[in-house]
Amino acid sequence: MGILHDTTTPAARLVQKPPPAPMVLPPPPPRREARHGVAPPAEPSAMPAARLLVLLLAALCPPVPGRGPQRDVPGKIAVVGGGIGGAAAAYFLRQKFGRSVRLEVLEKAAVGGRLATLEVEGAGYEAGGAVLHPLNLHMKHFVKELGLLVAPAHGSLLGIYNGEEFVFEESSWYIINLLKLLWHYGLNPLRMYMWVEDILDKFMRIYRYQTHDYAFSSNERLLHALGGNDFVRMLNQTIDEAMQKAGFYKFINEVVCPAMRVNYGQGVNINGFVGAVSLAGVDSGLWSVKGGNKLVCTGLIYASKAEVIPGTVLSIEPKIRPRPTGEPVKLYQVTYNTTSGLTGDTYDIVVIAAPLSRKMANIAFKNFNPPIPEFPNPYHQTVTTLVHGRLNASFFGYRDPSAFHFGAIFTMENPKLFINSLGVVSPVEDIGSEGKLPLQSAVWKVFSKEVLTKEQLNLLFSSYDSVKVKKWLAYPHYSPPEKCPPVILHDRIYYLNGIERAASAMEMSAIAAKNAALLAYHRWYENSDRIDQEDLYEKLKRSSEPRRATTTGDTDRVLQPLSCN
């Protein structure tokens, strides 16, 4: 999440092949009317023969491999958290389990989670995930299904500041920018693009897997299915180490590090995978949802027909209850605190879509055997400050304010700097408009590690009218080697946010939500043939070859690596 964009992963989505039509038994023949009070003679019914045929087919046909006996749908499912992960989970759970299951979303604050807005002088501005990548196809699908409006993110000139001077200044002329990049960094920008594209092209396979209903029982298995040992290895090394190994040096400090600071508030010591995701977000065609990205969350929950229960979940405990038939059934007692006091309910399945940490979702897991471990992974504090004012160009070394034309400023590592980045932003109701020039009064979004003091604000701005501040734990504190928390916490308790240890982004949450929904469905119905399958890419590639000529666009990209790979 940054001033200009939320880091996201390109994706591709295939249209799922419809299931074969179910067998329809012939209707019984029409009943003849009685005459003169005398019933007509009985006719031979077709139903016994049809039933006999069905029984014969069932006896002759072998069971589907990996598919267990059919069972009833779950009665109730709880989703803990109403952010993008929880909202997407409710949406996908409804798709898989159908209309009869009761879905409840437990949210302690406002629906939307970290997709929050701040109001400045009557207008709303994104405080968290600001924009999306053009190939975030889960998010694009959500927006299309919900009938939301989108708008392209407005562009502005970028400067990279090292604390003393600008090491790179973007021009409004493309050819000048190209010459500057070649002069300073040679072919490194092109090489970086190819390196990132190779990683993302492999990651896009997840959409093909999910289209075919395949799920993974752990985040490591998911990553391994996409990029093999290379992806797992990227979690265990820094982006600095990964790029130095690929032959990047000066380019790392002056271009890669500023991108990490604007997107994750951290430097080049974050893991290589999230670093690649961060670099992928520096792209054209970025977009936002008009009215605020959080509208996706409210829309998905509405579409899922889930009931939102305002409450803070305190504990989860396994219980055994008797069915009306007397047969025992395993359930989970979820206790939560509401404005009316302490209450709770039992659920067949629980999906946790909130970071499990004492400062965020501090949930006690009671009487589990073996116990569910704690996850000590800390989250990184980021402070978002929205300032309506006039930037002080002299702070950045410009004596003539009229020569200062930057609308976005990224920074390099420098202990003297008290900001990570800053940039001009537009209201969520008016996304896409070019807005005012930076020299005029505008709304600036500033990212920093700590709340800015009045003295620091006076250094950054020659004048300002209003200031709004939001301090939050926006994303994990990355420190490789990374170990992702499990997806399956217990038999039917699933955890989405462990994937954030690999990379935190809106689209990653949507991917984790669909994986959890598929995993819950397949484990409920014992469809073992759809979980943790090896060599999926090659299997699906072979099975799709007869239809290759009909595939186009993003689908082709999933099936065929780019020529630069």
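Notes on the structure in this doc start here. No experiment lies behind these values; they were computed from the predicted model shown. (Residues numbered from 1 in each chain as written. Predicted model: local features only at pLDDT ≥ 70, side-chain atom pairs only at ≥ 80, totals over all residues. Heavy atoms only, no water.)

1. Quick notes on the packing of aromatic side chains
As a reminder, the rule being used: What counts as a ring pair is set by centres within 6.5 Å for rings of Phe, Tyr and Trp (its six-membered ring), and what kind of pair is set by the plane angle: stacked under 30 degrees, edge-to-face over 60, tilted for all other angles. Put simply, DSSP H or I for four residues or longer makes a helix, DSSP E for two residues or longer makes a strand, and each gets a number counted from the N terminus. Residue burial is assigned from relative accessible area. The probe radius is 1.4 Å, only protein chains are included, and a residue is buried under 20% of its type maximum, exposed over 50%, and partly exposed in between.
Applying the stated criterion to the full structure yields 29 aromatic pairs. Measuring from ring centre to ring centre gives 6.3 Å for Phe-97 and Tyr-525, while their planes differ by 35 degrees; the resulting arrangement is tilted. Note that Phe-97 is positioned in helix H2 (residues 84–97) and Tyr-525 in the loop between helix H13 (506–524) and helix H14 (536–544), a separation of 428 residues in sequence. Consider the rings of Phe-375 and Tyr-495, whose centres lie 5.9 Å apart with planes at 5 degrees: the pair is stacked. Placement of Phe-375 in the loop between strand E14 (364–365) and strand E15 (379–391) and of Tyr-495 in strand E21 (residues 493–495) is noted, with a sequence separation of 120 residues between them. The exposure classification of Phe-375 matches that of Tyr-495, with both residues buried. Taken together, the aromatic side chains of Tyr-161, Phe-166, Phe-395, Phe-396, Tyr-398, Phe-404, Phe-406 and Phe-418 make up a single cluster linked through ring pairs.

2. Side note on the pattern of salt bridges
Spelled out, the test is: Within this document, salt bridges are pairs made up of a side-chain nitrogen of Lys or Arg and a carboxyl oxygen of Asp or Glu, the two lying within 4 Å of each other.
As enumerated under the stated definition, the model contains eleven salt bridges in all. Where Arg-114 meets Glu-500, a salt bridge forms, and the shortest distance between an N and an O atom there is 2.9 Å. Taken together, the residues Arg-114 in the loop between strand E2 (102–107) and strand E3 (117–120) and Glu-500 in the loop between E21 and H13 connect sequence positions 386 residues apart. You can call Glu-500 buried: its relative accessible area is 3%. Note that Lys-319 is salt-bridged to Glu-317, the shortest N-O span being 3.7 Å.

3. Notes on unusual backbone geometry
Following Asn-369, the chain continues to Pro-370 via a peptide bond in cis, the omega torsion being 0 degrees. Along the chain, Pro-370 turns up in the loop between E14 and E15. In this model, Pro-480 is joined to Pro-481 through a cis peptide bond whose omega is 5 degrees. Inspection of the secondary structure assignment puts Pro-481 in the loop between strand E19 (461–476) and strand E20 (488–490). The phi angle at Glu-121 is positive, at roughly 50 degrees, despite the residue not being glycine. Relative to the assigned elements, Glu-121 resides in the loop between E3 and strand E4 (123–126). Positioned with a positive phi, Glu-526 is a non-glycine residue whose angle comes to about 60 degrees.

4. Here we look at the sheet that holds strand E17 (residues 421–424)
Quick reminder of the rule: A pair of strands is treated as paired once DSSP finds two or more bridges between them. For every element, the axis is a line fit to its C-alpha atoms; helices are fit only across the contacting stretch, and the angle between N-to-C directions ranges from 0 to 180 degrees. Contact between two residues is taken to exist if any of their heavy atoms lie within 4.5 Å; hydrogens are not considered.
Across the sheet, which stays open at both edges, the seven strands sit in the order E7-E6-E16-E17-E18-E15-E19 with mixed pairing between neighbours. Of all the strands in the sheet, just strand E7 (166–169) and E19 have a single pairing partner and so form its edges. Neighbour-to-neighbour, the strand axes of the sheet open up by a mean angle of 20 degrees, direction not taken into account. Helix-sheet contacts for helix H9 (residues 250–264) involve strand E6 (158–161), E7, E15, strand E16 (408–411), E17, strand E18 (442–448) and E19, and the interaxial angle to E16 is about 110 degrees.

5. A short note on the pairing of E6
The two faces of E6 match: Leu-158 and Ile-160 on one face and Gly-159 and Tyr-161 on the other face are all buried. Inspection of the sheet shows E6 paired to E16 by four bridges, in the parallel sense. By the bridge assignment, Tyr-161 is partnered in E16 with Thr-411. Bridge analysis of E6 against E7 gives three bridges, and the strand direction is antiparallel. Its bridge partner being in E7, Gly-159 is matched across the sheet by Glu-169. A loop of four residues connects E6 with E7, the two strands running antiparallel in sequence, and Gly-163 in this loop sits at a positive phi of about 105 degrees.

6. Observations concerning the packing of H2 against helix H11 (residues 295–304)
Our working definition: Here roughly perpendicular refers to angles of 65 to 115 degrees, roughly parallel to angles under 35, roughly antiparallel to angles over 145, and oblique to all remaining angles. In this scheme the handedness of a crossing depends on how the near helix is turned from the far one: anticlockwise by less than a right angle means left-handed, clockwise means right-handed.
Contact geometry of H2 with H11 gives a least axis separation of 8 Å together with a crossing angle of 25 degrees. Comparing the axis directions of H2 and H11 gives the class roughly parallel. The way H2 lies across H11 gives a crossing that is left-handed. Taken together, the residues of H11 that come into contact with H2 (itself represented by Ile-84, Ala-87, Ala-88, Ala-90, Tyr-91 and Arg-94) are Val-296, Cys-297, Leu-300, Ile-301, Ala-303 and Ser-304.

7. Brief notes about the nonpolar core
Our working rule: Note on terminology: a nonpolar core comprises buried Ala, Val, Leu, Ile, Met, Phe, Trp, Tyr and Cys residues joined through side-chain atoms within 4.5 Å.
Phe-97, Trp-195, Val-256 and Phe-273 are the most contacted members of the largest nonpolar core, which totals 106 residues. The dominant element in this core, judged by the number of residues it contributes, is H13, at 13 residues. Among residues more than four places away in sequence, those in contact with Phe-273 are Phe-203, Leu-223, Phe-231, Met-234, Leu-235, Ala-502, Ala-503 and Met-508.

8. Here's the deal with the sheet that holds E14
Strand order in this open sheet of four strands is E12-E11-E10-E14, and the pairing throughout is mixed. In this open sheet, the two strands that pair with only one neighbour each are strand E12 (341–347) and E14. Examined bridge by bridge, strand E10 (residues 312–322) and E14 share two bridges and lie parallel to one another. The partner of Ser-315 across the bridge, within E14, is Ala-364.

9. Details of H2
Selection rule: Helix span is expected to be 1.5 Å times the residue number reduced by one.
Taking 1.5 Å per residue, 14 residues should reach 20 Å; H2 reaches 20 Å between its end C-alpha atoms and fits that length. Counting buried positions along H2 yields twelve of 14 residues, so the element is predominantly enclosed. Of all the positions in H2, only Ile-84, Gly-85, Gly-86, Ala-87, Ala-88, Ala-89, Ala-90, Tyr-91, Phe-92, Leu-93, Arg-94 and Phe-97 are classed as buried. Check the buried side of H2 and you find it contacts strand E1 (76–80), E2, helix H3 (137–146), H11, strand E13 (349–352) and H13. After H2 finishes, the residue Gly-98 shows a positive phi value of roughly 90 degrees.

10. Some remarks on the side chain of Glu-317
Threshold: In protein, a polar contact means a hydrogen-donor-capable atom and an acceptor-capable atom, both N or O and within 3.5 Å, with residues adjacent in sequence counting only if both atoms are side-chain atoms; elsewhere, any N or O pair within 3.5 Å suffices.
Relative to the helices and strands, Glu-317 resides in strand E10. You can call Glu-317 buried: its relative accessible area is 18%. Polar contacts involving the side chain of Glu-317 include one to the side chain of Asn-367, which spans 2.4 Å. Filtering out sequence-adjacent residues up to four positions away, Glu-317 remains in contact with Leu-331, Tyr-332, Gln-333, Lys-366, Asn-367 and Phe-368.

11. Focus: the pairing of E4
The side chains of a regular strand alternate, residue by residue, between the two faces of the sheet. Alternating positions in E4 separate into two faces, Ala-123 and Tyr-125 on one and Gly-124 and Glu-126 on the other, with burial throughout. Here four bridges tie E3 to E4, and the two strands are oriented antiparallel to one another. Of the residues in E4, the one forming a bridge with Glu-119 is Gly-124. Between E3 and E4, which pair antiparallel and follow one another directly, the connecting turn spans two residues, one of which, Glu-121, has a positive phi of 50 degrees.

12. As for the environment of Leu-331
Mapped onto the elements, Leu-331 comes out in strand E11 (residues 328–338). Measuring from C-alpha to C-alpha, the distance between Leu-331 and Val-350 comes to 9.5 Å, with 19 residues separating the pair along the chain. Not counting residues up to four positions away in its chain, the partners in contact with Leu-331 are Glu-317, Pro-318, Lys-319, Arg-321, Thr-346, Tyr-347, Asp-348 and Arg-492.

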